[in-house]
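# Overview (structure and organization)
One-letter residues, chain by chain:
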Amino acid sequence: MRYRLLVGTPTVSHDSRPSARRATLTGIQLSLLLAFSHSTNDAFSNVLPVFLPTLQARFGLGEAVLAVLVAVISTSSNVMQPFFGGFVDRWGRRRTAAIALIVGSTLMGFISVAPNVWSLFFILAIGGLGSAIFHPAAAAMARNTGAAKGISMSLFAAGGAIGSAIMPVAVLSVVRSFGIGYVPFLSIIGVAVGVVLFLLTPEQERTVVPDGTRPKLFDTSLLAGPVGLLAASGILRAMAFITFTNGMPLYLAVTRGFAPDAQVIGWTLSLYSLSSATGSILAGFLEPRVGRIALVAGSMLLALPFLAAVLLVSPGGLVYYLCVMFAGFFTNLSIPMLVVSAQDLAPHAVAAASGLLMGFTWGLAGVAYIAFGALQEAIGLQSANAVGFAFLVPAAAVAAYVLRRHAAAIEAAR
């Protein structure tokens, strides 16, 4: 494993001694560490879907209330991300990411043992903020590891999907083997990874601003330009993803008649997320060969027939799992290039742009999912899920428009 020695910035003290040297990672090793930390963070921040059937049975909740739970965690963990981008640039990316990971994973581990709905709302609202702070900090670091930008961001995006893939199977295994009360012990993993991230990540350069001025916590001009349009595309794409991860467990349990802790639910979520991670990893390698516009817009459209097939074939068979796999692969293939494009178009606010594309889009999609809770009750889970998947069409159109119109600026930033 390759290390480099980083000399700490001299501290201001009476004896003027410099801070101690420490070994840190750089290049592809640092990219892999950040991807693993992203995997850990998203494993905990995205654990709610696997518990939705159980929470529905335990508290007697309808689909509309469950959709509100999804909106709460989406708001706290995702919508707030771009607003923390400016804070991250000012306070320091390294320590912000590490502390946020530790706090968020600790709190989110207690979803399974929430005694009532109100405590569940509290855990989701407060615990999700850790993820909201982690993402812009870690994404900004992933861009500057020393490895190729596209590959580093692909690994980083894939890490989150891998964590989301592993967690459903891991949680249900713990529940079946030891009981639901042991799920919070998984939070120890989040604490350990956060400590390692803090120790092995180099010091990050902070945003330099003229004397007498303060950087904006969030640059609202991002929303009015091409980054805002890329975010709109991301929101529409995220609607399809969130519809799958939150709607499919209920669809399998309510419409198809599986038990709330059935293995098919865990394997469906895990395979979908794992194939999403595969798509994210390959995006950085495919983009130079097929072009950014074709990769981003084309992958969204290719996901549609597989998502539709998931609702039509019999769950649990080979054909069903193949459709789930390809649906996840194509749905998330565009994410790394959407994030890199936003960063390229906003070099003055990289963390905020990262938070906008990696969190804000997911958050607003989660808030909009409240309407899908009512739609699910009105027209049924199968039809409502199909409506959610269809948002990939306008998502592809908007992304293609932005990438084509601003191709010169994106190319100049490479």
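The preceding data block contains the structure.
Small disclaimer: the values here were computed from a predicted structure and weren't measured.

## Focus on the side chain of S45
Inspection of the secondary structure puts S45 in helix α1 (residues 27-45). By relative accessible area, S45 is classed as buried at 8%. Among all residues touching S45, those that are not within four sequence positions of it are I73, M108 and S131.

## Considering empty space enclosed by the protein
Here the structure, examined in full by the defined rule, presents three cavities of 30 Å³ or more. Its boundaries defined by the atoms lining it, the largest cavity holds a volume of some 550 Å³. Those elements giving two or more residues to the lining of the largest cavity turn out to be α1, α2 (48-59), α3 (63-79), α7 (149-177), α10 (226-255), α11 (263-290) and α15 (350-379). Residues of the lining of the largest cavity, tallied by class, amount to 16 nonpolar, 14 polar and one charged. Of the volumes computed, that of the second largest cavity is approximately 50 Å³. In terms of lining residues, the second largest cavity is bounded by G234, R237, I335, L338, V339, L357, T361 and W362.

## Considerations on the nonpolar core
Core analysis: the biggest nonpolar cluster contains 118 residues, and L69, F156 and L357 have the highest contact counts within it. Ignoring any residue separated from it by four or fewer positions in sequence, one finds F156 in contact with L34, A35, H38, F134, H135, A138, A139, A142 and M358.

## Quick notes on the environment of A35
Within the element layout of this structure, A35 appears in helix α1. When the C-alpha positions of A35 and S152 are compared, they lie 8.5 Å apart, and in sequence the two are 117 residues distant.

## A closer look at the packing of α2 against α10
Between α2 and α10, the least distance of the axes is 8 Å, while the angle of their chain directions is 40°. Judged by the inter-axis angle, α2 sits oblique to α10. As α2 packs across α10, the resulting crossing turns out to be right-handed. Here α2 contributes P49, L52, P53 and Q56 to the contact with α10, which in turn contributes T245, N246, P249, L250, A253 and V254.

## Structural notes on the packing of α10 against α11
Close contact between α10 and α11 brings their axes to 9 Å; oriented N to C, the two are set at 165°. The angle between the axes of α10 and α11 places the two elements in the roughly antiparallel class. The two elements α10 and α11 cross, and the hand of that crossing is right-handed. Taking contact as the criterion, the partners of F241, F244, T245, P249, L252 and A253 in α10 are, on α11, V264, I265, T268, L269, Y272 and S276. Here the contact of α10 with α11 is composed, by residue class, of nine nonpolar, three polar and no charged.

## Describing the environment of S74
As for its position among the elements, S74 is in helix α3. Remark: the alpha-carbon pair of S74 and S45, spanning 29 residues in sequence, is separated by 9.2 Å. Leave out the neighbours within four places in its chain, and S74 touches V79, W362, G363, G366 and V367.

## What to know about a nonpolar patch on the surface
A contiguous nonpolar surface patch, about 590 Å² in accessible area, is contributed by F87, W91, I99, V103, L107, F122 and I126. Contributing elements (two or more residues each) for the nonpolar patch: α4 (81-91), α5 (93-108) and α6 (117-143). With three residues, the single largest contributor to the nonpolar patch is α5. Accessibility expressed as a relative area gives 33% for W91, which makes it partly exposed.

## Comments concerning the packing of aromatic side chains
Tallied over the full model, the rule gives twelve aromatic pairs. Seen from their ring centres, F244 and F389 are 6.3 Å apart, and the 35° between their planes marks the pair as tilted. Of the two residues, F244 sits in helix α10 while F389 sits in helix α16 (residues 381-389), which places them 145 residues apart along the sequence. Classification of F389 by relative accessible area gives buried; the value is 2%. Ring pairing ties together the aromatic residues F241, F244, Y272 and F389, which thus form one cluster. We note R94 situated over the ring of F198; from NZ or CZ to the ring centre the distance is 3.8 Å.

## Considerations on the pattern of salt bridges
Taken as a whole and judged by the stated rule, the model has two salt bridges. We note a salt bridge from R292 to E287, for which the minimum N-O separation is 3.2 Å. Like R292, the residue E287 is buried in the burial classification. A salt bridge links R292 to D344, with the shortest nitrogen-to-oxygen separation between them at 3.5 Å. With a gap of 52 residues between them, R292 in helix α12 (residues 292-310) and D344 in helix α14 (residues 335-345) connect regions that are remote in the sequence. Classification of R292 by relative accessible area gives buried; the value is 9%. Each member of the salt-bridge network shares a partner with another, and the members are E287, R292 and D344.

## Focus: α10
The end-to-end C-alpha distance of α10, which contains 30 residues, comes to 41 Å, matching closely the 44 Å that a straight helix rising 1.5 Å per residue would cover. Taken as a whole, α10 carries its principal kink of about 40° at G247; the proline P249 stands between one and four residues after it. Buried residues dominate α10, accounting for 25 of its 30 residues. Two residues or fewer past α10, G257 is found with a positive phi of approximately 85°.

Criteria and thresholds
- Position numbers for residues start from 1 in each chain and track the written sequence from start to end.
- Since the coordinates come from a predicted model, pLDDT governs what is reported: local features require at least 70, and pairs of side-chain atoms require 80 or more to be given and counted, while whole-chain, interface and lining totals use all residues.
- Values shown for side chains rest on all heavy atoms present in the structure; no hydrogens or waters enter the calculation.
- A run of H or I in DSSP becomes a helix once it reaches four residues, and a run of E becomes a strand once it reaches two; helices and strands are each numbered from the N terminus.
- Note on exposure labels: buried denotes an accessible area under 20% of the residue type's maximum, exposed denotes more than 50%, and partly exposed covers the range between, all computed with a 1.4 Å probe on protein chains only.
- Any pair of residues with heavy atoms lying within 4.5 Å of one another is described as a contacting pair.
- A cavity here means a set of points on a 1 Å grid, drawn over the protein atoms and nothing else, where a 1.4 Å probe fits but cannot get out; a pocket is an open set with protein on both sides within 12 Å along at least five of seven lines, and a residue lines either one if it has an atom within 4 Å of a point.
- Grid points are joined across faces, edges and corners, and a volume is the space filled by probe spheres set on the points.
- Ten residues, namely Ala, Val, Leu, Ile, Met, Phe, Trp, Tyr, Cys and Pro, are considered nonpolar, four, namely Asp, Glu, Lys and Arg, are considered charged, and the remaining ones, Gly among them, are considered polar.
- Among the buried residues, those of types Ala, Val, Leu, Ile, Met, Phe, Trp, Tyr and Cys that are joined through side-chain atoms within 4.5 Å form a nonpolar core.
- Angles here are taken between N-to-C directions and fall from 0 to 180 degrees, while the axes themselves are lines fitted to C-alpha atoms, restricted in helices to the stretch in contact.
- These descriptions rest on fixed angle ranges, namely under 35 degrees for roughly parallel, over 145 for roughly antiparallel, 65 to 115 for roughly perpendicular, and the rest for oblique.
- Here a crossing is called left-handed whenever its near helix is offset anticlockwise from the far helix by less than a right angle, and right-handed whenever the offset is clockwise.
- Candidate patch residues must exceed 30% relative accessible area and have no salt bridge, after which like charges are joined if within 9 Å and Val, Leu, Ile, Met, Phe, Trp or Tyr side chains if within 5 Å.
- Note on areas: these come from Shrake-Rupley sampling with a 1.4 Å probe, and a residue is covered only by the protein chains present in the view.
- Note on definitions: salt bridges are taken to be side-chain nitrogens of Lys or Arg within 4 Å of carboxyl oxygens of Asp or Glu.
- Side-chain rings of Phe, Tyr and Trp, where Trp is taken by its six-membered ring, are said to pair if the distance between their centres is within 6.5 Å; with planes under 30 degrees apart they count as stacked, over 60 as edge-to-face, and otherwise as tilted.
- A ring has a charge above it when a Lys NZ or an Arg CZ is no more than 6 Å from the ring centre and no more than 35 degrees off the ring normal.
- Here, expected helix span is obtained from the residue count minus one, scaled by 1.5 Å.
- One axis is fitted to the seven residues ending at the residue and one to the seven starting there. The bend at that residue is the angle between these axes.

Without other data, these values stay purely geometric and don't point to any function.
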